[in-house]
Every structure is written in structure tokens, then in C-alpha cells.
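Residue-level listing of the chains:
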Amino acid sequence: GRAALGCDAGAPVCTYPVTKETRRHPLYGSVRRELVVTATHVLERDPRSAAVVSCRPLGSVHALVRVPGSDTRLRLEYADGRDRTYASPGRDALACSLLDCCLAAGAAEVAVTEGGSDGHRLLPRGEREAA
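Everything in this summary refers to the structure shown in the same document. (Residues numbered from 1 in each chain as written. Predicted model: local features only at pLDDT ≥ 70, side-chain atom pairs only at ≥ 80, totals over all residues. Heavy atoms only, no water.)

A few points about the sheet that holds strand 8 (residues 111–114)
Okay, so step 1: Strand order across the open sheet formed by eight strands is 4-3-2-1-7-6-5-8, with mixed pairing between neighbours. In this open sheet, the two edge strands, each paired with only one partner strand, are strand 4 (52–57) and strand 8. Taken pair by pair, the neighbouring strands of this sheet meet at an average axis angle of 30 degrees, ignoring direction.
Okay, so step 2: Pairing of strand 6 (residues 73–78) with strand 7 (residues 83–87) involves five bridges; the strand directions are antiparallel. Residue pairing in the sheet places Arg 73 in a bridge with Ala 87 of strand 7. (Pairing = 2+ DSSP bridges. Helix = DSSP H or I, 4+ residues; strand = E, 2+ residues; numbered from the N terminus. Axes fitted to C-alpha atoms, helices over the stretch in contact; angles between N-to-C directions.)

Next comes the structure, spelled out in C-alpha cells:
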């Protein structure tokens, strides 16, 4: 269940306070979260209750996008086509920590970009053209 979410993700390597952009909270448009990076996962926690609200393996990270025109916004793009946008005054440190952990976990093809990683993509994220 939800209570066990993230319990097997390992010890935190780093934790960053972030503001998550969300459409689920239309009144506010954003919600406070903690982004926790472990050796194998990226977790999103509610800072008030410390409950894990999202847990994804680092291998599912497709790209880290530094949002143009902002020095605080970072979008995490996942191989399944989903993405999440966060704001943090430590955006670049967060991106570096996340990239280091992705590479250490074997996710060597994580893109770091400004603007977006999809461009004129014909194949789904994470797919390769047959040789």
C-alpha cells in the first residue's frame, strides 16, 4: 500500500526542499515537497508528514531539463513519457546530485538539457532504432 511506498528505496544520498508544480492543486498551482535521492530511487516526500508520495527508480529517468528563463525550475522527464517540474533555489546542485546517482545506478543515457529533450522525436523515450 501507500504506507510502504519507498520503504525499500535505500538510505538518502541527498534531500532537497522543492516546490512541485501540479494541476492537482488548482487553487495553489504548486505544493511543497522534499525530493530525496537514494542510490537507486528518486522519492517525493510530504515535508509535513514525511510520507513518501512518489517513488521511481533512477533507471526510469530519461532527462533532467533546466527550464529556460528560470534559475530555479528543473523538469524530470521519465522514460514512460511522464514528467514532473520542481522549483528549488539549489536547482543545479539537485541536478548534479541526481545525475551522479543516475550514472552510478547504471542509467548512463540520462540527458541534461535546457528546454526539453524530446525535440522532433519519432520514437518513444528510451527506445532505440533497430540497427
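After presenting the structure, the write-up continues.
Section: the packing of aromatic side chains
Okay, so step 1: Within this structure, the stated rule accounts for zero aromatic pairs.
Okay, so step 2: The ring of Tyr 78 has Arg 56 sitting right over it, with the charged end atom 4.0 Å from the ring centre. (Phe/Tyr/Trp six-rings, centres within 6.5 Å; stacked < 30°, edge-to-face > 60°. Lys NZ or Arg CZ within 6 Å of the ring centre and 35° of its normal.)

Some details on helix 1 (residues 91–104)
Okay, so step 1: The end-to-end C-alpha distance of helix 1, which contains 14 residues, comes to 20 Å, matching closely the 20 Å that a straight helix rising 1.5 Å per residue would cover.
Okay, so step 2: The set of residues buried in helix 1 consists of Arg 91, Leu 94, Ala 95, Ser 97, Leu 98, Cys 101 and Cys 102. Buried residues along helix 1 cover an arc of 165 degrees about the axis, so they all sit on one side. More than 90 degrees from the buried face of helix 1, the exposed residues found are Asp 100 and Ala 104.
Okay, so step 3: Structurally, helix 1 contributes buried residues whose contacts are with strand 1 (12–21), strand 2 (30–38), strand 3 (41–45), strand 5 (61–66) and strand 6.
Okay, so step 4: Phi turns positive one or two residues past the end of helix 1, at Gly 106, with a value near 95 degrees. (Expected span 1.5 Å × (residues − 1). Buried < 20%, exposed > 50% of the residue type's maximum accessible area, 1.4 Å probe, protein only. Arc of directions from axis to C-beta. Contact = heavy atoms within 4.5 Å.)

Re the nonpolar core
Okay, so step 1: Counting residues in hydrophobic clusters, the biggest one holds 20 residues, and the most contacted among them are Val 42, Leu 58, Leu 64, Leu 76 and Leu 98.
Okay, so step 2: With five residues, the single largest contributor to this core is helix 1.
Okay, so step 3: Those residues within four positions of Leu 76 in sequence are excluded, and the remaining contacts are Val 42, Ala 63, Leu 64, Arg 82, Asp 83, Arg 84, Tyr 86 and Leu 98. (Core = buried A, V, L, I, M, F, W, Y, C linked by side-chain atoms within 4.5 Å.)

Take it as geometry only, folks, not as evidence of what the structure does.
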